[in-house]
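Descriptive structure summary
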Amino acid sequence: MNSILYKVLSGIWWLLSWLPLRVHYVLSDVLYLVIYRLVGYRRGLVRRHLEECFPEKSEQERRRIERQFYHWFCDYLVETVKLLTISQENLKRRMVFKGTELVDEIVEDGQSCAVYLGHYCNWEWITSLPLWVTPQAQCGQIYHALENKEFDRLFLTLRQRMGAVSIPMAETLRRIVQYRQQGQQVVIGYISDQVPFWNNIHHWCQFLNHDTPVLTGTERLARQTGHAVFYLDVRRLRRGYYEAEFKLITREPKQMGEFEITDIYFRELEASIRRDPACYLWTHNRWKRTREEFNLRYDKATGRVDIISSVEELKRGKR
C-alpha cells in the first residue's frame, strides 16, 4: 500500500510540477483563500506570535503582515511542488547566491563550511547551491526524516535534484568525518531555528522579543570539525525570485567564545526577519518551551531534565 501511495502521490506531484509557475501562482492565490480565509490554518498561533514579537507595531500593521505571510506561505508550497521538475537554468535565474567567491576560496584552501539558515523565504530552493559553488565542494543539508517514509522519499528526491546530499541529523558527525577522511571539502546547510527537545536545551538567547531556548549543535559541530561558519541572509526580491548572500561569521570557530556563534546567528536571523517579517514560518510553534517550565523540569543534582511529567505535576513538587 505504501508503494502504491508513493507512486500515486509522486505522479500527481510530478504532473502538477510541469505547470508554468504563473499557473502555480494562480493556484497559490486560491490556496490562500482556502488556508487563510476559509480554514484559518493556525491563524490564532500566527496572530499571537506577531503580537508578541512586534508589540511596537499597530494591530493594523500586524494584520497586514499576517495576510502577507499566508500569501508567501502558499507561494512557498507551490514553489516546492515546482522544484520537482524546474530546470537548472530557471532555478538559477530565480534563486541567486551572492558571496560564493569567498566560499570557493575557503574550499580551495582545504577548509569546509557550515552555513546557518532559518525557516525563512524558500529554504527548499537553497538546495540549488551546487549550481553556484566550486565543484570541489560537496554541498548538503541536514534534515529531519519525515515519519511517513513515502513522503520522506519524495522530499529526498526534491532536495537532491540539484546535486546536494541530504544528511539525516543523527548521522551528521559521522558523515562529515567520512568526507574529511576522503579528502572531500563540504558546504553543509543547517536550519537551526527549530525548537530543541527539553534534554537538548543548553543555551537561551533573546530572539524576537522572547527568552528563547536554542539549538547549539551546529556550533558544536563547527568547533569539532574546524569548519568556517557562514550565515545565509536570504531576501525575497519579488514573487518567485530570491537572493541569498553569504555572510562570514568566522573561519576560526574554536577561537570564538562558548555560544558566541549561536548568538550571532540568531541576531542575524532576527535582522532578516525584521526586514521582511512576512517570509518567516510563523505557523511553527517556536516558543512552546519556556524557561519557567525548564527550571521546573531541570534537576541540578543529576543534570537531567524530566521530559515525562506534566507541568501541573512538577508544580505540585512531584520531583
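We now turn to the structure provided with this report. Small disclaimer: the values here were computed from a predicted structure and weren't measured.

With that settled, the discussion passes to the side chain of Arg289. With respect to the helices and strands, the residue Arg289 is situated in the loop between helix H10 (260-275) and helix H11 (291-297). One buried charge, Arg289, has no salt-bridge partner; the nearest side chain with opposite charge is Glu293, at 6.5 Å. Engagement of the side chain of Arg289 in a polar contact is seen with the backbone oxygen of Pro196, the distance being 2.7 Å. Excluding its chain neighbours within four sequence positions, the residues that come into contact with Arg289 are Val195, Pro196, Phe197, Trp198, Ile201, Trp204 and Pro213.

Our focus in this paragraph is the pattern of salt bridges. Overall, the coordinates contain 19 salt bridges when judged by the stated rule. Where Arg174 meets Glu171, a salt bridge forms, and the shortest distance between an N and an O atom there is 3.0 Å. Note that Arg275 and Asp233 form a salt bridge whose closest N and O atoms lie 3.0 Å from each other. With a gap of 42 residues between them, Arg275 in helix H10 and Asp233 in strand S8 (residues 228-238) connect regions that are remote in the sequence. Note on Arg275: relative accessible area 34%, which makes it partly exposed.

Right, let's talk about the sheet that holds strand S9 (residues 241-250) for a bit. The 7 strands are arranged S1-S9-S8-S2-S5-S3-S4 in an open sheet whose pairing can be described as mixed. Whereas interior strands pair on both sides, the edge strands pair on one side only; in this sheet they are strand S1 (95-98) and strand S4 (165-168). Going from strand to strand, the sheet's axes swing by 30° on average, the running direction of each strand aside. One ladder, built from 5 bridges, connects strand S3 (residues 137-143) with strand S5 (residues 185-191); its direction is parallel. Paired with Gln138 across the strands is Val186, a residue of S5. On the sheet, helix H7 (residues 149-159) packs against S3 and S4 and is oriented at approximately 150° with respect to S3. Sheet contacts for H10: strand S2 (113-117), S8 and S9; angle to S8, the most-contacted strand, approximately 5°.

Parameters at a glance
- Residues numbered from 1 in each chain as written.
- Predicted model: local features only at pLDDT ≥ 70, side-chain atom pairs only at ≥ 80, totals over all residues.
- Heavy atoms only, no water.
- Helix = DSSP H or I, 4+ residues; strand = E, 2+ residues; numbered from the N terminus.
- Buried < 20%, exposed > 50% of the residue type's maximum accessible area, 1.4 Å probe, protein only.
- Lys, Arg positive; Asp, Glu negative; His and termini not counted.
- Salt bridge = Lys/Arg side-chain N within 4 Å of Asp/Glu carboxyl O.
- Polar contact = N/O pair within 3.5 Å; in protein donor to acceptor, adjacent residues only side chain to side chain.
- Contact = heavy atoms within 4.5 Å.
- Pairing = 2+ DSSP bridges.
- Axes fitted to C-alpha atoms, helices over the stretch in contact; angles between N-to-C directions.

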